[in-house]
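# Fold and geometry: a report
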Amino acid sequence: MQLFKSAVGRKILMAITGQLMVLFVIVHLLGNSSIFIGPNGINAYAEHLHSLGPLVWVFRLAMLAFVLVHAIYGIQVSIENSTANSAKYAINTKLKRNFASENMIWTGVLLIIFIIGHISHFTLRITPDVAAFAGQVPGNVFGMVTTSFSNGIIAFVYVVAMLVLCLHLFHGIQSFFQTMGWNSDKSLPVISQVGRVLAVVFLVGYSSIPLFILAGIIK
Amino acid sequence: MSDHKTMTLTLNVWRQKGPNDPGKFETYTAKGITEHHSFLEMIDVVNEDLIKSGKEPIVFDHDCREGICGMCSQVINGVPHGGQERTTVCQLHMRKFKDGDTIFIEPWRATAFPIIKDLVVDRSAYDTIIQAGGYTSCHTGGVPDGNALLIPKPDADYAMDAAECIGCGACAAACPNSSAMLFTSAKVAQLAALPQGKPEAAKRVTAMVDAMKECGFGNCSNHYECQAACPKGINVKFIAKLNREYLKAQFK
Amino acid sequence: MILDGKCPTGPIEKTWDKHRFDLKLVNPANKRKYTVIMVGTGLAGGAAAASLGELGYNVMAFCYQDSPRRAHSIAAQGGINAAKAYPNDGDSIYRLFYDTIKGGDFRAREADVWRLAQVSNNIIDQCVAQGVPFARDYAGYLDNRSFGGAQVSRTFYARGQTGQQLLLGAYSALSRQIKAGTVKMYNRREMLDLVVVDGVAKGITCRNLITGELESYAADAVCLATGGYVNVFYLSTNAMGCSVTANWKAYKKGAFFANPCYTQIHPTCIPQAGDYQSKLTLMSESLRNDGRCWVPKKKEDLGKHPNEIAEEDRDYYLERKYPSFGNLAPRDIASRAAKEQCDDGRGVGPGGRGVYLDFSTAIKRVGENTIKERYGNLFEMYEKITDENAYKRPMRMYPAPHYSMGGLWVDYNLMSNIPGLFVLGEANFSVHGANRLGASALMQGLADGYFVIPYTIGGYLATVKPGTVTTENPEFKKSVEDVKNYRDKLLSINGKKTVSEFMRELGGLMWENCGMARSKESLEENLKKIPALREEFWKNVKVTGAGADLNQDLENAGRTADFLEFGELLCRDAHHRNESCGGHFRVEFQTSDGEAQRDDENYCYVGAWEFKGAGKDPELHKEPLRFENVHLAVRSYK
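Bear in mind that the values here come from a model prediction, so they are computed numbers and not experimental data.

Looking only at helices and strands, chain C has 17 helices and 21 strands in total. Since a compact globule built from 638 residues should have a radius of gyration of about 26 Å, the 24 Å found for chain C is in line with a globular shape. With 638 residues in all, chain C has 69% of them scored as buried. Restricting the contact set of chain C to residue pairs at least 6 apart, pairs at least 24 apart contribute 74%. When the accessible surface of chain C is split by element, carbon and sulfur atoms take 50% of a total near 20800 Å². Looking at charge distribution, chain C has the averaged site of its 81 positive side-chain charges lying 3 Å from that of its 78 negative ones.

Below you can see the structure in the form of structure tokens.
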């Protein structure tokens, strides 16, 4: 089918999978925010998720598929794009493109690395800082997170990763609407702005957790 | 008639003997340029000097010199057509530059636009894209009266906005991915907006998108660099329209 | 020799229908055995190549640009005429026919013009079917505007880019045929010779502009749709690459050149700003729908800002001289009127060569937004070039060479006197007489391409056996050899002056002595100076680079060499025609109030020149013009 091969088809698939992941990012942020309520908040949230049983696995497999589709096509079209544009200009003048839009492939690669690390960290718990909590989850997610983020390096890496996510979505959210054709010349600038604001909200929202923990506000 | 004030400029011009020559920048001085010179007339002046000194003039594409034929194609200081809004190189005037400026002049750079010589590139890929479906399959003669199908003014205006494309190649030259989506979408959108183009809309959009890829153009990643560089200001809303048409075509 | 246009006889309304029926046909199965060469792919050539390809002929199409979409037809702004009579204002095929004959100052063939008017309506339908986005009203109907030389609204338009849209329509039809394999497109080729075998046109020699290689192409018929020659004035509204070369090479192979002195000077172009200038930019005639031409009445007002000159001190000279047509007087008349004002010392802008085209009245009447909607892109273009805002102060305008009504002689079938050589569009001389009306060039190009040549070429091809001559024929080898020698000669001179210096000099002579006003003396001066300049060219021109390479200097040198020969023929024709008509204005022949004075008794004919060899005078042949439907009258727009 053309959708899986053509220039536009693959972008559409990337847009859809990307946007589904953005929805996940929103839900995930809302879930994480329960940490602000205190230990009971996030622990209850985690237990509720675990009680869903097989549904969690359906969800995990779907997310894996989205990541794979998005990443494989992303790498494929990026290689094609650099072949299509093999010679560069002596003077690099940017008219509309920006750092975020130009580095989607690199922010994408970093995000994959982060996702692997993040899952190993908080889901598989194979890193030493959280290994001790292996038996307590989902009972004590709060303890795991606060302990882990009390480590400045881990918190720093996490915040940097959220910055990368922000950059990726800074361009990605409005790009989705354009690729789906769900915009007009009038709505495009508005969608762009909303997308950028949303990306920054993610950055602030996600980063606030480790920062609050480091600052000792959440303990 | 000529102005008293003149400018002297330093030009770094891409010179390349042929498709296989690596090419390099050569530096020239343009003297006695007034603010009323067009950019190409400024190069004419340099070329006259080169010819007189027995050197080969800078080769560049140009024809109508009134901004409509789409032949002229130079990247000036990294921007196709020089960066004045809605302006081709031939309509760019030297009043946009200052005495003593250094200007870099390069050809379109995209794998699908191989360089022929100096600033001249081969843009036949754009013809190939149109040949893939950028038309209505009507026969000469045997068509209904022009008023037989009414076209509301907003639709006619929308089609005209898209049809303004001059096929110069600046969109692909400006695109970091060398994508020809703005060009392709302008034709797709024009014909999809008109009742005469609707019967073939699905076939057209898939064929033209495929032709674009086969020609070696990259994929659109929504930088919108194309619209900013387009001398006719073709809007990226036509790319969105192409995407819609493409999606629609998948369910036909 | 008295030339015969082979026009059908009988009632004019029936001529084309009757002729179409009388033409022989080529059986559909046989069409693919015939090959047709199409040189030039603008409106006429592009439309013709597409239509012939669709009919089943093998077509080889050639253009010097990198794509057929760039032909200079693209620059036409205002519109295209058709006798649709949609506005219910009294238009008809007959009226379009009448206006065109009269607008051409009674120097065109009635039958050809009738046919043009008749097929004009089909053109609009064809273009609409191709997806040309003509302007429409809110109900969805096609919109019309008025244009010079007509009192009805019959001009269809697509913003200020009608030529572009029509060309892209023809280009899309052509692209469809290229895809289908019926047309093979050869871009970046310049025709440098016509190959004639036993008196019949059988092919061309081209230079591949990328490699410099000389290539031969053979066919059963050759069509030239190679445009006009007003670049002989150096500064004109034509594209830089427009030249007389293809026509001139055909002329030198025996094709007659008709009425070369009929050149159109367009009244509204942006005045020249300096000596370095490479071309002039036209502002659509449609601007005269809302713009009013004026110059100051008093010379002492010349230095003032135009807005400071009081209403009563302005001379709206077109409205004064031609009250019924006013600012919509035909081009030749409007141009001469502008020149008159400037010659009188009341011209504005640099060098006093300019008149104002003022929109303030229209802006007051309909508002700036409406004017912006109508002409926005033109105002924008004007500002880019002049750095002046025409919404705030009037535009400055001056006439500039724009179109050539003359061209290769053709009969009613568009075939030249060389069998097998057809000439289409601006390249032929046929329908505009001595002056072309606005919005008629697009009409002619598409009429010839879509609706005339597909019929008439069949009538010729049905009489010849296909594929009898190939490029192995010695005439092709000889042609390539001649072109090669000519090229090598240009490259070997290595003199001191550049090609463009010669071209500027020739253009200056043509404009001064053979431009908007011509006299016996000025023309005789040119007939002396041009051969001298030509001689100097062949001794002292400097052409750099190699023959076997992309070499624009060499391309220009070849075109200039041809203009240096052609300019003399143009002056010779102007010199022989002792009358004023349309775009040909001889100062000796004018009425007491300065209007053109025709001499129907002695000059009511087409003057077609035959090449008799280098250094020999060309021979004049005449085709008498008969007016049976429109009575010869003094052309008045008062």
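After presenting the structure, the write-up continues.
Bringing helix α5 (residues 181-193) of chain B into the picture now. Its 13 residues give α5 of chain B an end-to-end C-alpha distance of 17 Å, which sits within 8% of 18 Å, the value for a rise of 1.5 Å per residue. Among the 13 residues in α5 of chain B, 13 count as buried, and that is most of the element.

Note on interface size: it is often stated as the accessible area lost on association of the parts. On the chain B side, the residues contacting the 79 residues of chain C number 77 residues. For the pair chain C and chain B, the interface holds ten salt bridges. Between Lys-84 of chain C and Asp-145 of chain B there is a salt bridge; the shortest N-O distance is 2.8 Å. The tally of links between chain C and chain B comes to 49 residue pairs in polar contact (both at pLDDT 80 or more). Elements supplying a minimum of two residues to the side of chain C that touches chain B: α3 (43-55), α5 (110-130), α6 (162-180), α11 (368-386), α12 (441-461), α14 (499-514) and α16 (552-576) of chain C. Here the residues of the side of chain C that touches chain B are counted per class, giving 29 nonpolar, 27 polar and 23 charged.

Of all two pairs of chains sharing an interface, the pair with the highest contact count is chains B and C. A gap remains between chain A and chain C, with no contact made and the closest C-alpha atoms lying 19 Å from each other.

All names here are of chain C. Here five strands make up an open sheet; going across it, the order is β5-β2-β1-β9-β17 and the pairing parallel. Of all the strands in the sheet, just β5 (183-186) and β17 (421-423) have a single pairing partner and so form its edges. Between one strand and the next, the sheet's axes are offset by a mean angle of 20°, whatever the strand orientation. Where strand β1 (residues 35-39) lies against strand β2 (residues 58-62), five bridges are found, and the strand directions are parallel. If you follow Met-38 over to β2, its bridge partner there is Ala-61.

In this assembly, 46 residues from chain B lie in contact with 40 residues from chain A. Taken together, the two surfaces of chain B and chain A that pack against each other cover about 3600 Å², and 54% of this comes from carbon and sulfur. Our count for the chain B to chain A interface comes out at two salt bridges. Its salt-bridge partner being Asp-185 of chain A, residue Lys-237 of chain B comes within 3.6 Å of it at the nearest N-O pair. Between chain B and chain A we count 27 residue pairs in polar contact (both at pLDDT 80 or more) in total. Of all the secondary-structure elements, those providing two or more residues to the side of chain B that touches chain A are β5 (102-106), α6 (201-214), α7 (225-229) and α8 (237-250) of chain B.

All names here are of chain A. For helix α7 (residues 141-149), a buried count of eight out of nine residues is recorded, marking the element as mostly surrounded by other parts of the structure. Within α7, burial applies to Val-141, Phe-142, Gly-143, Met-144, Val-145, Thr-146, Ser-148 and Phe-149. Summarising the contacts, the buried residues of α7 are in contact with α2 (39-51), α5 (104-123), α6 (128-131), α8 (152-180) and α9 (187-214).

Turning to the sheet that holds strand β7 (residues 200-208) of chain C, a few remarks are in order. Residue and element names in this part refer to chain C. With respect to topology, three strands assemble into an open sheet ordered β6-β7-β8, the strand pairing being antiparallel. Looking along the sheet, the strands with just one partner apiece sit at the ends: β6 (189-197) and β8 (214-218). Neighbour-to-neighbour, the strand axes of this sheet turn through a mean angle of 25°, independent of strand direction. Here five bridges tie β7 to β8, and the two strands are oriented antiparallel to one another.

Residues and elements named next belong to chain C. Segmentation of chain C into domains returns domain 1 (12-198 + 239-262 + 405-461), domain 2 (265-402) and domain 3 (474-598). Here the C-alpha centroids of domain 1 and domain 2 sit 31 Å apart. Listed per partner, the contact involves 18 residues of domain 1 and 20 residues of domain 2. Carbon and sulfur atoms make up 47% of the area that domain 1 and domain 2 hide from each other, which totals about 1500 Å². It is Gln-77, Met-240 and Asn-435 in domain 1 that bury the most area against domain 2; as a group they hold 29% of the surface buried on that side. The tally of links from domain 1 across to domain 2 stands at zero salt bridges.

Along the polypeptide, Gln-196 of chain B turns up in the loop between α5 and α6. Apart from the residues within four sequence positions on either side, Gln-196 of chain B is in contact with Thr-136, Leu-149 and Ile-151 of chain B together with Val-128 and Ala-129 of chain C.

Residues and elements named next belong to chain C. Phi angles above zero are rare outside glycine, and Ala-85 is one such case at about 55°. Its place among the elements puts Ala-85 in the loop between β3 (80-81) and α4 (93-103). Unusually for a residue other than glycine, Tyr-234 sits at a positive phi of about 60°. Here Tyr-234 is to be found in the loop between β9 (221-224) and α7 (245-252). For Tyr-234, a relative accessible area of 15% puts it in the buried group.

In the structure shown here, the tally under the stated rule is 47 aromatic pairs over all chains. Judged by centre distance (5.4 Å) and plane angle (85°), the rings of Phe-36 of chain A and Phe-212 of chain A are edge-to-face. With Phe-36 of chain A in the loop between α1 (7-32) and α2 and Phe-212 of chain A in helix α9, this residue pair connects regions lying 176 residues apart in the sequence. The class for Phe-212 of chain A is partly exposed, based on a relative accessible area of 31%. Considering the side-chain rings of Tyr-126 of chain B and Phe-183 of chain B, the 3.7 Å spacing of their centres and the 10° angle between planes classify their relative orientation as stacked. Highlighted residues: Tyr-126 of chain B in helix α2 (residues 124-131) and Phe-183 of chain B in helix α5, separated in sequence by 57 residues. As far as burial versus exposure is concerned, Tyr-126 of chain B and Phe-183 of chain B are alike and both buried.

The subject of this paragraph is the environment of Gln-165 of chain C. Inspection of the secondary structure puts Gln-165 of chain C in helix α6. A sequence separation of 52 residues divides Gln-165 of chain C from Tyr-217 of chain C, and the C-alpha atoms of the two residues are 31 Å apart. With sequence-adjacent residues up to four places away left out, Gln-165 of chain C is seen in contact with Met-160, Ala-163 and Glu-164 of chain B together with Val-132, Pro-133 and Ala-158 of chain C.

The next thing to look at is the side chain of Thr-386 of chain C. Tracing the backbone through its elements, the reader meets Thr-386 of chain C in helix α11. Here Tyr-382 of chain C takes part through its backbone oxygen, which lies 2.7 Å from a polar atom of the side chain of Thr-386 of chain C. Among the polar contacts made by the side chain of Thr-386 of chain C, one reaches the main-chain amide nitrogen of Glu-388 of chain C at a distance of 3.2 Å. For Thr-386 of chain C, the residues in contact, after removing those within four places along its chain, are Arg-95 of chain B together with Ile-270 and Arg-396 of chain C.

Let's shift gears to the pattern of salt bridges. Opposite charge on two side chains makes pairing possible when the charged atoms of those side chains draw close. Residue and element names in this part refer to chain C. Summed over all chains, the structure comprises 83 salt bridges over all chains. Across the pair Arg-635 and Asp-332 runs a salt bridge whose closest N-O atoms are separated by 2.9 Å. Pair noted here: Arg-635 is in the segment after β21 (619-624) and Asp-332 is in helix α9 (residues 331-346), with a separation of 303 residues, a long-range link. Residue Arg-635 shares its accessibility class with Asp-332, and that shared class is buried. Notably, a salt bridge pairs Glu-610 with Lys-612, separated by 3.8 Å at the nearest N-O pair. Here the salt bridges do not stand alone but share partners, grouping Asp-105, Arg-107, Asp-332, Arg-577, Glu-579, Arg-598, Asp-600 and Arg-635 into one network.

Another point: the confidence of the model for chain C. Mean pLDDT for chain C: 96, with 100% of residues reaching 70 or above. What the predictor reports for the complex is a pTM of 0.96 with an ipTM of 0.97.

What counts, and where the lines are drawn
- Residues numbered from 1 in each chain as written.
- Chains lettered and ligands numbered in written order.
- Predicted model: local features only at pLDDT ≥ 70, side-chain atom pairs only at ≥ 80, totals over all residues.
- Heavy atoms only, no water.
- Helix = DSSP H or I, 4+ residues; strand = E, 2+ residues; numbered from the N terminus.
- Rg over C-alpha atoms; globule rule 2.2 N^0.38 Å.
- Buried < 20%, exposed > 50% of the residue type's maximum accessible area, 1.4 Å probe, protein only.
- Contact = heavy atoms within 4.5 Å.
- Areas by Shrake-Rupley, 256 points an atom, 1.4 Å probe, with all protein chains shown as cover.
- Lys, Arg positive; Asp, Glu negative; His and termini not counted.
- Charge placed at Lys NZ, Arg CZ, Asp CG, Glu CD.
- Expected span 1.5 Å × (residues − 1).
- Salt bridge = Lys/Arg side-chain N within 4 Å of Asp/Glu carboxyl O.
- Polar contact = N/O pair within 3.5 Å; in protein donor to acceptor, adjacent residues only side chain to side chain.
- Nonpolar A, V, L, I, M, F, W, Y, C, P; charged D, E, K, R; others polar.
- Pairing = 2+ DSSP bridges.
- Axes fitted to C-alpha atoms, helices over the stretch in contact; angles between N-to-C directions.
- Buried area = accessible area lost by both parts, 1.4 Å probe.
- Domains from an automatic or database assignment.
- Phe/Tyr/Trp six-rings, centres within 6.5 Å; stacked < 30°, edge-to-face > 60°.
- pLDDT = per-residue confidence, 0-100.

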